[in-house]
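Structural overview
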Amino acid sequence: MTFYTVADGRIEALPDDEEPPPDIAQIWGFDVPAARWRGDLMIEPGEHDIWVCKRCPTIRHPRAEMVAMTPDRIPHLRPAAVLLFKAKHRRAKDQADFERALPHLAPAERLWLRDRLDRLHPGHDWAQAL
């Protein structure tokens, strides 16, 4: 894959031998042979053992509880944290993601998300559904 930084509506190639600049929070991966986008990586603040919410740095949680692994050992942010990030804009695609994820959220994840929504986006419709 080739990688691109994404910021403020700009997509720029990321050379293979370079780290993304410190102000970059998103990287897209393009599968050249298949001619399609394959990855969307969000770079968030935090520490080795602590996950920090990009939208509200006072929301912190043990990384081991926020990051899950696929069977192939690929780390990914748990759906509740992704939904917290997506809640800001309330776009149709974010609503669809919420509706797809909701039946799969464990009670503890629902509670976590509802509490954080109440803190970050008081009165959000999703909090009612949780």
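Structure: see above.
This report concerns the structure included in the present document. What you see as residue numbers is a count from 1 along each chain, following the sequence as written. Totals for whole chains, interfaces and linings use every residue, but because this is a predicted model, local features are given only for residues with pLDDT of at least 70 and side-chain atom pairs only at 80 or more, for both listing and counting. Just so you know, side-chain values use all the structure's heavy atoms and leave hydrogens and water out.

Side note on the pairing of strand S1 (residues 2-7)
Strands were regarded as paired on the criterion that DSSP finds at least two bridges between them. Secondary structure elements follow DSSP: runs of H or I no shorter than four residues count as helices, runs of E no shorter than two count as strands, and numbering proceeds from the N terminus. One ladder, built from four bridges, connects S1 with strand S3 (residues 26-31); its direction is antiparallel. Across the sheet, residue threonine 2 finds its bridge partner in S3, namely phenylalanine 30. As paired elements, S1 and strand S2 (residues 10-14) share five bridges and run antiparallel to each other. Its bridge partner being in S2, phenylalanine 3 is matched across the sheet by leucine 14. Hairpin remark: S1 followed by S2, antiparallel, with two residues in the connecting loop; positive phi at aspartate 8, about 50 degrees.

Quick notes on the pattern of salt bridges
The salt bridge criterion pairs a side-chain nitrogen of Lys or Arg with a carboxyl oxygen of Asp or Glu, the two atoms within 4 Å. Under the defined criterion, the tally for this structure stands at eight salt bridges. Between arginine 10 and glutamate 12 there is a salt bridge, with the nearest N and O atoms lying 3.2 Å from each other. Burial classes: relative accessible area under 20% of the type maximum marks a residue as buried, over 50% as exposed, and values in between as partly exposed (1.4 Å probe, protein chains only). Take arginine 10: its relative accessible area is 41%, and that puts it in the partly exposed class. Residue classification places glutamate 12 among the partly exposed residues on the basis of a relative accessible area of 41%. Here arginine 100 and aspartate 97 are joined by a salt bridge, their closest N and O atoms 2.5 Å apart. Taken together, the positions of arginine 100 and aspartate 97, both in helix H3 (residues 92-101) and three residues apart, correspond to about one turn of that helix. Taking relative accessible area as the criterion, arginine 100 reaches 53% and is therefore assigned exposed. By sharing partners, the salt bridges in this structure join Lys86, Arg91, Asp94, Asp97 and Arg100 into a single network.

Regarding the layout of surface pockets
Grid points spaced at 1 Å and placed over the protein atoms alone form the basis of the search, with a cavity being a set where a 1.4 Å probe fits but cannot get out and a pocket an open set showing protein on both sides within 12 Å along at least five of seven lines. Lining residues have an atom within 4 Å of a point. Grid points are joined across faces, edges and corners, and a volume is the space filled by probe spheres set on the points. If you add up the space inside the largest pocket, you get close to 1000 Å³. In terms of lining, the largest pocket is formed by 36 residues, of which the most central are Ala25, Asp40, Leu41, Met42 and Ile43. Looking at the lining of the largest pocket, the elements with two or more residues in it are S1, S3, strand S4 (36-42), strand S8 (75-77), helix H2 (79-86) and H3. Examining the composition of the lining of the largest pocket, we find that five residues originate from one element, S4, more than from any other.

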